[in-house]
Amino acid sequence: MEESKKRIRRTNIAIERDIMTTISKIVKEEGFCKLNISYLSEKANVRTSVIERHFGSMDALLELYTQKHDYWLNDAVDVDNIAEKETLDNVATRFVDTLWSNKELQQLMIWELIENNSITRKSAKRRELTILNIIPRYEAVINKLDADPKAVLAVIIAGIYHL
């Protein structure tokens, strides 16, 4: 006789925590492309209907997850507290160090590069707005190079993305 899986009783908070933890694990190990509601349900030991009841849909859940993890640029660069004399290369180095050490961020950026959907577009747009806040701090330095600050930062960021 085949054993049936016993249902684990958890609080709503525990269920949501387990789902988010499982998403993190899947993203780190397999990337976003492997992530779907059935696979998540199996790995988190939660019925798909429970995921849908808590989050509405897989897209809504992924939107929440990416919002949670997409403030990494603010944390890495700390846009609001960049010292006046801090050089652009120091800021870029912190950006690279953060990206290098955070597997979820790497996977998020890979997902954005290979898939065009509303979630990846919103995530990229949030990052772009953060970067636009950096430009005024380095505009004078970049203008001395007789170059467009937006273009210079675009090349730097594109290079970092493809490291």
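Because the structure is a prediction, the values reported are computed rather than measured. (Residues numbered from 1 in each chain as written. Predicted model: local features only at pLDDT ≥ 70, side-chain atom pairs only at ≥ 80, totals over all residues. Heavy atoms only, no water.)

Draft legend 1. Spatial organisation of the side chain of H54. Checked against the element boundaries, H54 lands in helix 3 (residues 48-55). Here E16 takes part through its side chain, which lies 2.9 Å from a polar atom of the side chain of H54. The residues contacting H54, other than those within four sequence positions of it, are N12, I15 and E16. (Helix = DSSP H or I, 4+ residues; strand = E, 2+ residues; numbered from the N terminus. Polar contact = N/O pair within 3.5 Å; in protein donor to acceptor, adjacent residues only side chain to side chain. Contact = heavy atoms within 4.5 Å.)

Draft legend 2. A look at the packing of helix 4 (residues 58-69) against helix 8 (residues 118-143). Here helix 4 crosses helix 8 at 20°, and the two axes come no closer than 10 Å. Taken together, the axes of helix 4 and helix 8 lie roughly parallel to each other. In this structure, helix 4 crosses over helix 8, and the sense of that crossing is right-handed. In this structure, helix 4 contributes D59, L62, E63, T66 and Q67 to the contact, and helix 8 contributes I119, K122 and R126. Grouping the amino acids of the contact of helix 4 with helix 8 by side-chain chemistry returns 2 nonpolar, 2 polar and 4 charged. (Axes fitted to C-alpha atoms, helices over the stretch in contact; angles between N-to-C directions. Parallel < 35°, antiparallel > 145°, perpendicular 65-115°, else oblique. Left-handed = near helix turned anticlockwise from the far one by under 90°. Nonpolar A, V, L, I, M, F, W, Y, C, P; charged D, E, K, R; others polar.)

Draft legend 3. Highlighting the packing of aromatic side chains. In total, this model carries 2 aromatic pairs according to the counting rule given. Taking 5.9 Å as the distance between ring centres and 65° as the angle between the ring planes, the aromatic pair formed by F32 and Y65 counts as edge-to-face. One end of the pair, F32, is in the loop between helix 1 (12-30) and helix 2 (37-44); the other, Y65, is in helix 4, with 33 residues separating them in the sequence. Consider the rings of F32 and W111, whose centres lie 4.3 Å apart with planes at 5°: the pair is stacked. Taken together, the positions of F32 in the loop between helix 1 and helix 2 and W111 in helix 7 (residues 103-114) put the pair 79 residues apart, joining distant regions of the chain. What makes W111 buried here is its relative accessible area of 5%. Site record: aromatic cluster; members linked through ring pairs are F32, Y65 and W111. (Phe/Tyr/Trp six-rings, centres within 6.5 Å; stacked < 30°, edge-to-face > 60°. Buried < 20%, exposed > 50% of the residue type's maximum accessible area, 1.4 Å probe, protein only.)

Draft legend 4. Quick look at a nonpolar patch on the surface. Residues I110, L113 and I114 make up a contiguous nonpolar surface patch of about 290 Å² in total accessible area. Counting through the fold element by element, L113 comes out in helix 7. (Patch = residues over 30% accessible without salt bridge, like charges linked within 9 Å, V, L, I, M, F, W, Y side chains within 5 Å. Areas by Shrake-Rupley, 256 points an atom, 1.4 Å probe, with all protein chains shown as cover. Salt bridge = Lys/Arg side-chain N within 4 Å of Asp/Glu carboxyl O.)

Draft legend 5. Fine view of the pattern of salt bridges. Following the criterion strictly, the structure yields 3 salt bridges and no others. We note a salt bridge from R17 to D18, for which the minimum N-O separation is 3.2 Å. A relative accessible area of 19% means that D18 is categorised as buried. Residues E63 and R126 are paired through a salt bridge, measuring 3.4 Å at the closest nitrogen-oxygen approach. Of this pair, E63 sits in helix 4 while R126 is found in helix 8, placing the two residues 63 residues apart along the sequence.

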